[in-house]
Amino acid sequence: MTISFDSYPSADGLWTDLRLPFQPGTSVAIVVEHGIVRWIGSPDSMPKDFSGLPTHEGGDALVTPGLVDCHTHLVYGGQRANEFAMRLAGASYEEVAKAGGGIVASVRATREASEDELFSSASHRLQSLLSEGVCAIEIKSGYGLALEHERKQLRVARRLARAHGVTVRTTFLGAHALPPEYAGRPHGSRDYIDLVCNEMLPALAAEGLVDAVDVFCERIAFSLAETEQVFKAAQALGLPIKLHAEQLSDMGGAALAARYDALSCDHIEHLSQAGIDAMREAGTVAVLLPGAFYTLRDTQLPPIAALRAAGVPMAVSTDHNPGTSPVLSLLLMVNMACTLFRLTVPEAIDGVTVHAARALGLQETHGTLAVGRPANFVLWDLQDAAELAYWFGQRPVRTVVRQGKIALGSNRT
Ligand code: NIG
Ligand code: FE
């Protein structure tokens, strides 16, 4: 695949005839200079100096900030359609994992794949998300589970950022599952977590490959005490933390993560009120993952009403991964967050913009349209912002401006 983000046309100039979500009847213009948003407002109040700029006709499009996909496992080898079939025949996620499938199946395939192979397959998947207006994305490791293979995944994530001109935040998820070579050893889990904390994380952080640290805290993965050990190692290196928390059971992970000022707790179907209170105190974002909920045919809904009542910011993400959420549409997650989790449409849109940016620590640069920020915005062929949640299975994107360039769409020429 040949990608030449550098050769995309500049988005500099005056963008006219746009509408903001939920503000019917108002027109807005945006001025982009050197790839940065210089001005936004009603065309009537635009300073005269801007009127001579090259104009990009918006054609009455709806405009939103570039979308942010704040939780993905985008880089991996192989696929796991066989598990889909096993689950159709009645097996649970935990039973599949115990039968040697699950995360470790992807670990085998990821270890076998070269860096170029991983780059190529992940590029293909990334294109799908970018074509829907994603301008920033988190990519986790966690399918290598050994230094060289975790490094390979994180290097691919960095390479994807450069090749596609997209903001990528890398998250080290060495504590995703027990590697096969540690399973069955007397102190396998303890030894592996020691390796994660004392060798893998410091080495990868020193190579500049780690923006945040995550753990799968669950009865089929790592305990609360092991999770805290990883958090301490992250804290010692000054790295922010995130957590796969309370997905299958209430382990108390969210409250622990909040004590370490976590950026986000993700999944949280079984989150308790104590966890919610701790997250509110710490300003931790709740990341909702309806794709995994749907694929696993989960019946335990995340506590949306209680999160809303507490004022905990809610983000929405694909959780793209080959096991529990093989989805490549963030807009479909917006739809499902509304349909399955009963978010309102504005909540779901905030969930893939402003709150998703915060879940990655990117709130100063992404997730809102504001003066002084890199130009990341999407023009939609839609009348009403509610259509962002209403349609599914189509991509109503007209134009994507990413990192100050016209990355996709009708304003390209
Ligand atoms: O976010 N919950 C743990 N990790 C992934 C699933 C990974 C897999 O099954 O490969 C998740 O759902
Ligand atoms: Fe995940």
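So, a few notes on the structure that sits alongside this text. Bear in mind that the values here come from a model prediction, so they are computed numbers and not experimental data.

The rules behind each value
Residues numbered from 1 in each chain as written. Chains lettered and ligands numbered in written order. Predicted model: local features only at pLDDT ≥ 70, side-chain atom pairs only at ≥ 80, totals over all residues. Heavy atoms only, no water. Near = heavy atom within 4 Å. Polar contact = N/O pair within 3.5 Å; in protein donor to acceptor, adjacent residues only side chain to side chain. 1 Å grid on protein atoms, 1.4 Å probe; cavity = no way out; pocket = protein on both sides within 12 Å on 5 of 7 lines; lining within 4 Å. Sits in = over half its atoms within 2 Å of the grid points. Donors = N, O, S within 2.8 Å, 3.2 Å for Na, K, Ca; no water. Helix = DSSP H or I, 4+ residues; strand = E, 2+ residues; numbered from the N terminus. Buried < 20%, exposed > 50% of the residue type's maximum accessible area, 1.4 Å probe, protein only. Pairing = 2+ DSSP bridges. Axes fitted to C-alpha atoms, helices over the stretch in contact; angles between N-to-C directions. Contact = heavy atoms within 4.5 Å. Salt bridge = Lys/Arg side-chain N within 4 Å of Asp/Glu carboxyl O. Phe/Tyr/Trp six-rings, centres within 6.5 Å; stacked < 30°, edge-to-face > 60°. Arc of directions from axis to C-beta.

**Let's talk about the site of ligand 1**
The local shell around ligand 1 holds 15 residues, among which Arg80, Tyr93, Tyr143, Asp319 and Thr324 are the closest. Between ligand 1 and Tyr143, the relevant distance is 2.6 Å, taken from an oxygen atom to a side-chain nitrogen or oxygen of the residue. In the environment of ligand 1, an oxygen atom lies 2.9 Å from a nitrogen or oxygen atom belonging to the side chain of Asp319. Cavity membership is defined here by more than half of the atoms lying within 2 Å of grid points; on that basis ligand 1 lies in the largest cavity.

**Quick notes on the coordination of the iron ion (ligand 2)**
Distances from the iron ion (ligand 2) to its protein donors, namely His71 (NE2), His73 (NE2), His244 (NE2) and Asp319 (OD), fall within the range 2.1 to 2.4 Å. Between consecutive donors of the iron ion (ligand 2), the numbers of intervening residues give the motif H-x1-H-x170-H-x74-D. Within this pair, whereas His71 is found in the loop between β5 (67-69) and α1 (81-88), its partner His244 is found in strand β9 (residues 242-245), the two being separated by 173 residues in sequence. No difference in accessibility class separates His71 from His244, as the two residues are buried.

**Quick word on the sheet that holds strand β6 (residues 134-140)**
Read across the open sheet, the four strands follow the order β5-β6-β7-β8; overall the sheet is parallel. Each edge of the open sheet carries a strand with a single partner, namely β5 and β8 (212-215). Ignoring which end each strand starts from, the neighbouring axes of this sheet average 20 degrees apart. In the sheet, strand β7 (residues 167-175) pairs with β8 via three bridges, with the strands oriented parallel. Pairing of Ala175 across the sheet is with Val215, part of β8. Helix-sheet contacts for helix α5 (residues 147-164) involve β6 and β7, and the interaxial angle to β7 is about 170 degrees.

**Remarks on the pattern of salt bridges**
In the structure shown here, the tally under the stated rule is 18 salt bridges. Across the salt bridge formed by Arg111 and Glu181, the nearest N and O atoms sit 3.0 Å from each other. Here Glu181 lies in the loop between β7 and α6 (188-206) and Arg111 lies in helix α3 (residues 103-112), a separation of 70 residues in the sequence. Note on Arg111: relative accessible area 22%, which makes it partly exposed. Look at the salt bridges and you will find they share partners, linking Glu138, Lys140 and Asp214 into a network.

**A look at the packing of aromatic side chains**
This structure, assessed with the given rule, holds nine aromatic pairs. Geometrically, the ring pair formed by Trp15 and Phe377 is edge-to-face, given 5.5 Å between the ring centres and 90 degrees between the ring planes. Note that Trp15 is positioned in strand β1 (residues 13-19) and Phe377 in strand β13 (residues 377-380), a separation of 362 residues in sequence. The exposure class of Phe377 is buried, given its relative accessible area of 0%. Centroid distance Phe231 to Tyr260: 5.5 Å. Interplanar angle 50 degrees. Geometry classified as tilted. Note that Phe231 is positioned in helix α7 (residues 224-236) and Tyr260 in the loop between α8 (253-259) and β10 (264-267), a separation of 29 residues in sequence. One exposure class covers both Phe231 and Tyr260, and it is buried.

**Some remarks on the side chain of His56**
By the element assignment, His56 lies in strand β4 (residues 55-65). Contacts of His56, omitting those with residues within four sequence positions, involve Ser10, Ala11, Asp12, Gly13, Leu14, Trp15, Thr16, Ile406 and Asn411.

**So, unusual backbone geometry**
Residues other than glycine seldom take positive phi values, yet Asp261 does so here, at roughly 55 degrees. Taking the relative accessible area as the measure of exposure, Asp261 reaches 56% and is therefore exposed. In this model, Ile268 sits at a positive phi of 50 degrees, which is unusual for a non-glycine residue. Tracing the backbone shows Ile268 in the loop between β10 and α9 (273-282). Take Ile268: its relative accessible area is 0%, and that puts it in the buried class.

**Section: α9**
Residues of α9 that are buried: Gly275, Ile276, Ala278 and Met279. All buried residues of α9 project into a common sector of 165 degrees when viewed along the axis, lining one side. Those residues of α9 that are exposed and angled more than 90 degrees off the buried face are Ala274 and Glu281. Where the residues of α9 are buried, they touch α8, β10, β11 (285-288) and α11 (304-310).

**Here we look at the sheet that holds β11**
Each strand in a sheet pairs with its neighbour through backbone hydrogen bonds, running either in the same direction (parallel) or in the opposite one (antiparallel). Spatial ordering of the open sheet is given by β9-β10-β11-β12, a layout of four strands whose pairing is parallel. Edge positions in the sheet fall to β9 and β12 (314-316), since each of these pairs with one other strand and no more. Mean inter-strand twist for the sheet, computed between neighbouring axes without regard to direction, equals 25 degrees. One ladder, built from three bridges, connects β10 with β11; its direction is parallel. Bridging across to β11, Cys265 finds its partner in Ala286.

**Some thoughts on the side chain of Asp69**
Tracing the backbone shows Asp69 in strand β5. With residues up to four places along the chain from it excluded, the contact list for Asp69 reads Leu129, Val134, Ala136, Ile137, Glu138, Ser317, Thr318, Leu330 and Leu360.

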